[in-house]
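Observations on the three-dimensional arrangement
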Amino acid sequence: MVVPDEKQIEIINQRLFNELELGIFKEATRLEILEIINKLKRQYEVDSVILGCTEFPLMFTEDNYLELPFLNTTKIHVDAIIKTCLNGN
């Protein structure tokens, strides 16, 4: 597993807390985050991306923007909750 470096994390956090969490979705921010993802892809041969924040799947969908498979953690959690509830566990 690869995580962004400190500078990349700072950029992501700034955009997340000052824009995305406020419902502000800028194309410049989308491109900036994609640049970070693509850099990690090239540098570490990343084969997928974890969208580990509920706002990221709102900005990136499976059919656009990302050339890599991604894991939408919100969907994964909701699916698991529904499965657990339906199975009575």
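Below is a short write-up of the structure. (Residues numbered from 1 in each chain as written. Predicted model: local features only at pLDDT ≥ 70, side-chain atom pairs only at ≥ 80, totals over all residues. Heavy atoms only, no water.)

1. Observations regarding the overall build of the chain
As a reminder, the rule being used: In DSSP terms, a helix is any run of H or I states spanning at least four residues, a strand is any run of E spanning at least two, and both are numbered starting from the N terminus. Residue burial is assigned from relative accessible area. The probe radius is 1.4 Å, only protein chains are included, and a residue is buried under 20% of its type maximum, exposed over 50%, and partly exposed in between. Any two residues whose heavy atoms approach within 4.5 Å are treated as being in contact. Residue-level accessible areas treat just the shown protein chains as cover; the underlying method is Shrake-Rupley with a 1.4 Å probe. Two residue types count as positive, namely Lys and Arg, and two as negative, namely Asp and Glu; His and chain ends fall outside the count. All charge positions are set by atom: Lys at NZ, Arg at CZ, Asp at CG, Glu at CD.
On a plain count of helices and strands, the chain comes out with 4 helices and 2 strands. When its helices and strands are written in sequence order, the chain yields α-α-β-α-β-α. C-alpha atoms of the chain, sized along the principal axes, occupy 45 × 30 × 25 Å. Taken across its 89 residues, the chain has 30% of its residues classed as buried. Within the chain, residue pairs in contact and separated by at least 24 positions form 50% of the contacts whose partners lie at least 6 positions apart. When the accessible surface of the chain is summed, it comes to about 6,500 Å², and 55% of that surface belongs to carbon and sulfur atoms. Taken together, the 9 basic and 15 acidic charged side chains of the chain have centroids lying 1 Å from each other.

2. A word on the pattern of salt bridges
Applicable threshold: The term salt bridge refers to a pairing of a side-chain nitrogen on Lys or Arg with a carboxyl oxygen on Asp or Glu at a separation within 4 Å.
Considering all chains together, one arrives at 3 salt bridges under this definition. Across the pair Glu32 and Arg15 runs a salt bridge whose closest N-O atoms are separated by 2.6 Å. Placement of Glu32 in helix H2 (residues 27–44) and of Arg15 in helix H1 (residues 6–18) is noted, with a sequence separation of 17 residues between them. Between Arg30 and Glu27 there is a salt bridge; the shortest N-O distance is 2.9 Å. Pair noted here: Arg30 and Glu27 are both in helix H2, with a separation of 3 residues, about one helical turn. Relative accessible area serves as the criterion here: at 11%, Arg30 is assigned to the buried category.

3. Quick look at the nonpolar core
As a reminder, the rule being used: We call a set of buried Ala, Val, Leu, Ile, Met, Phe, Trp, Tyr and Cys residues a nonpolar core when their side-chain atoms join them within 4.5 Å.
The biggest cluster of nonpolar side chains holds 18 residues, and the ones touching the most others in it are Ile33, Val49, Leu51, Phe56 and Phe60. Of all the secondary-structure elements, those providing two or more residues to this core are H1, H2, strand S1 (49–51) and helix H3 (56–59). By residue number, the principal contributor to this core is H2, which donates 5 residues. Discounting residues that sit within four places of it in the chain, Ile33 has contacts with Phe56, Met59 and Phe60.

4. Things to note about the environment of Phe60
Positionally, Phe60 belongs in the loop between H3 and strand S2 (70–72). Spatially, the C-alpha atom of Phe60 lies 17 Å from that of Val46, the residues being 14 residues apart in sequence.

5. Concerning the side chain of Gln8
Relative to the elements of secondary structure, Gln8 occurs in helix H1. When residues no more than four places from it in sequence are discounted, the contact partners of Gln8 are Ile36, Lys39 and Leu40.

6. Considering the layout of surface pockets
Cut-off, in case you're wondering: A cavity here means a set of 1 Å grid points, computed over protein atoms only, where a 1.4 Å probe fits but cannot escape. A pocket is an open set with protein on both sides within 12 Å along at least 5 of 7 lines, and lining residues have an atom within 4 Å of a point. Grid points are joined across faces, edges and corners, and a volume is the space filled by probe spheres set on the points.
Considering only enclosed or pocket space, the largest pocket measures out at about 600 Å³ in volume. Taken together, 22 residues form the lining of the largest pocket, with Val2, Pro4, Leu40, Val49 and Ile50 sitting closest to its centre. Counting only elements with at least two residues in the lining of the largest pocket, the list comes to H1, H2 and S1. Here the lining of the largest pocket gets 4 residues from one element, more than from any other, and that element is H2.

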